[in-house]
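Single-letter residue listing:
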Amino acid sequence: MGFTSQDDLINQMTTNGKRDNIIYQKTIDVAQVAATWTDLTTMVGIPGADTYAGTSLTYVPTDDTSLGAIYHGGNVANATKHFMNVGATVTAAAGAPWILMCVDQLGYIPVTGADVTGTSQRTITMTALDGAARYAAGVGTRACIVTTAAPTAGGPNLTEFTYKNVGGTQHTCPVTVGNIATPVKGAFTHTGAAATRYGPFIPLAAGDTGISDIETFTFNNGTAYTGSGTLAICLVKPLFVLPIPSSGSFTMTDFVNMLPSMPRIKDGAYLKFFLFNTGATSISAPVTISLDYAYGG
Amino acid sequence: MAGFRNIREWCLSASDDGKNYISMFRKTPSASTITVAGQWFDYGVSSGIPLANYYAAAPGTATYVDAKSGLNLPSILPNEKLFLSQLTTMTRGASPGTITNEQQLLFLCDYLLYYPFFDMDDVGTIQTTAGSNTLTRYTTGLGVQMVVVGQAPSAGGGRYTITYTNSDGVPGRVTPPCYCPSQAPVGSCVASVGAAAGITPFVPLQAGDKGVRSVQSLTVEIANGGLVAVVLVKPIQMGYANESSREVMASGVSNGDATQIDRITMMAGAPEIYPNAVLGFLSKTLTGTIAFCSLVGWATFVWR
């Protein structure tokens, strides 16, 4: 149960102390590319970077105890936890304005070795999300491909991306998605300003509202990646988006009075942030985010 | 029943049901897009996200705007309706000192149909349109406006009229004389009311008309130079880009802001976005050129 009224919200936060603050700070340690999205989880900072470890093509579920996770107070049982507000700043010589997105990552699929450079269909090992998942059967979830270690050459086309939707029906991404050449660490491979780029997420088939199971994908045509780069397919639920118009300014949003209000932080949520770079965000740029949350019940 | 009956249904779609979609954009006019203060410009011809639309088709032929040049939209089921929930816009300066891109008035429009390559030097000729394509959205033309977009640089000083069929289906309607601004880079809106200095985005219609269903011809009365496309659009929502987002300057000062419009709490009545809509921006710059300045932001859509 959340909050029954504004009075209840104030009472829970003040009298009962059911609130806390999260500070998140990352340093962009590789200059990013204009018009691409960046996974800040790959960057050094607080919390530490996630290495996206695991067996290639095998799904790794994530929660608030996983590497790189943001601690948000643990489970709150029958109560529900919500964001109250967010503030963020980026300091960089280049890259503004930025768009910051907060997501809850349900899991990821490492893509390493020949699975990055190969051109045949790859089969993913993953147990489909069911009604017990944080987002039942994956409702509201989306997929993206992030660079965890930069490959060379490229980029290949994502000619096939097959998944099961919330209803368990198998569908394929309806378009061919192009990947960028030599993506830098943190970059979403399929974003950018060129034709066939889609961001921040891989398009879903008509009518689909989420992904319950990622099944196969194929990198083919275009130019294959080479080298020893690694990628990760992330399955995430977008929570909110915040504009950061300029370097050094602190942008705040209050979620109590906006609609839809107070995005929910589910028990076990693996919170992380993506950043859109209008320009080429400079190396060594710090990203600092402050979030307040509260829970009722 | 498609649509939302109350706030609760709106929020469920936006948060719990997965029926929400974030579509971002980053459009950068070329360095040669030297607009002047007060001039309207079609961001659709600019590179970036989404892709540029060059209005490339046979001269005068009714052509649908390529969906790839509009904001990415979710594919929803036939029995559902899509609505614009929120729009956030920012503008990036071309350099640390750029402020000419500030205070842009924006029109988010659904781009419906265009007739390209009218010759603005062909004085006196009734340049007749061709092709059988008709409006697939807003099919009567009610509320549909004409935008004349420059496809090749022009000298300015010209004057023209457009003959069209109005939203009541009456052909042969003629616009008042439209004047051309003195400077018109590719992508600029080549129309004004009364005098070249008064630049408007939409071509004024014959008295009493409420929209345009199709275009029959364009007649140049005074040569302007260049080529233009007549584009049929349906205005969806106004927006604004206020302060230029500029990099850290030598003095350590940086600037920029974002404009966010929520269609429930700020502007009641979320507009419905029809299937296959091609959404893009017209912009009026109040301070000067937007050359190499990016329009950045995102639109959020919900459906039910």
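A quick note: this is a predicted structure, and the numbers were derived from the prediction, not measured.

The subject of this paragraph is the nonpolar core. Core analysis: the biggest nonpolar cluster contains 66 residues, and Tyr111, Met146, Tyr160, Ile162, Leu218, Leu232 and Leu282 of chain B have the highest contact counts within it. The dominant element in this core, judged by the number of residues it contributes, is strand β5 (residues 104-119) of chain B, at 10 residues. Judged by nonpolar contacts, the second largest core, of 61 residues, contains Val90, Trp98, Ala205 and Ala285 of chain A.

With that settled, consider the side chain of Asp42 of chain B. Residue and element names in this part refer to chain B. Mapped onto the fold, Asp42 is located in strand β2 (residues 40-42). Of the buried charged residues, Asp42 lacks a salt bridge, with Lys27 as the closest side chain of opposite charge at 7.6 Å. Separated by 2.5 Å, the side chains of Asp42 and Tyr55 make a polar contact. Ignoring sequence-local partners within four residues, the contact set of Asp42 consists of Tyr55, Tyr111, Val149, Gly187, Cys189, Phe281 and Leu282.

Residues and elements named next belong to chain A. Tracing the sequence through the fold places Tyr24 in strand β1 (residues 19-28). Residues Tyr24 and Ser247, 223 residues apart in the sequence, show an inter-C-alpha distance of 17 Å. Those residues in contact with Tyr24 that lie beyond four places of it in its chain are Leu40, Thr41, Ile46, Pro47, Ile70, Phe273, Val287, Thr288 and Ile289.

All names here are of chain B. Within the span of helix α1 (residues 7-16), buried status applies to Glu9, Trp10, Cys11, Ser13 and Ala14. For α1, the secondary structure elements touched by its buried residues are β1 (20-28), β4 (82-92) and β17 (294-303). Put simply, Asn6 is the residue that caps the front of α1, since its side-chain oxygen is 3.2 Å from the backbone nitrogen of Arg8. Phi for Gly18, located one or two positions after α1, is positive at around 75°.

All names here are of chain A. Most of strand β6 (residues 98-111) is tucked away: 14 of the 14 residues are buried. Here β6 runs beside strand β16 (residues 271-277); their pairing, made up of seven bridges, is antiparallel. Bridge assignment links Ile99 to a residue of β16, and that residue is Phe276.

What follows covers empty space enclosed by the protein. Residues and elements named next belong to chain B. Inspection of every chain in the model, using the stated rule, returns two cavities of 30 Å³ or more. Of the volumes computed, that of the largest cavity is approximately 50 Å³. Within the residue set of the lining of the largest cavity, elements represented by two or more residues are β1 and β16 (279-285). Its residues assigned to classes, the lining of the largest cavity comprises six nonpolar, three polar and one charged. The calculated volume of the second largest cavity comes to roughly 40 Å³.

The next point concerns the pairing of strand β9 (residues 152-164) of chain A. Residue and element names in this part refer to chain A. Two strands pair when backbone bridges link them, and β9 and strand β12 (residues 213-226) are joined in this way by 11 bridges, in the antiparallel orientation. Bridging across to β12, Lys164 finds its partner in Asp213. With two bridges connecting them, β9 and strand β11 (residues 177-178) associate as antiparallel partners. Paired with Leu158 across the two strands is Val177, which belongs to β11. Of the strand pairs in this sheet, β9 and strand β10 (residues 170-172) are connected by three bridges, and their pairing is antiparallel. Bridged to Tyr163 within β10 is His171.

Thresholds, definitions, all that
Residues numbered from 1 in each chain as written. Chains lettered and ligands numbered in written order. Predicted model: local features only at pLDDT ≥ 70, side-chain atom pairs only at ≥ 80, totals over all residues. Heavy atoms only, no water. Core = buried A, V, L, I, M, F, W, Y, C linked by side-chain atoms within 4.5 Å. Buried < 20%, exposed > 50% of the residue type's maximum accessible area, 1.4 Å probe, protein only. Helix = DSSP H or I, 4+ residues; strand = E, 2+ residues; numbered from the N terminus. Lys, Arg positive; Asp, Glu negative; His and termini not counted. Salt bridge = Lys/Arg side-chain N within 4 Å of Asp/Glu carboxyl O. Polar contact = N/O pair within 3.5 Å; in protein donor to acceptor, adjacent residues only side chain to side chain. Contact = heavy atoms within 4.5 Å. Pairing = 2+ DSSP bridges. 1 Å grid on protein atoms, 1.4 Å probe; cavity = no way out; pocket = protein on both sides within 12 Å on 5 of 7 lines; lining within 4 Å. Points joined across faces, edges and corners; volume = space filled by probe spheres on them. Nonpolar A, V, L, I, M, F, W, Y, C, P; charged D, E, K, R; others polar.

Nothing here speaks to function; it is all geometry.
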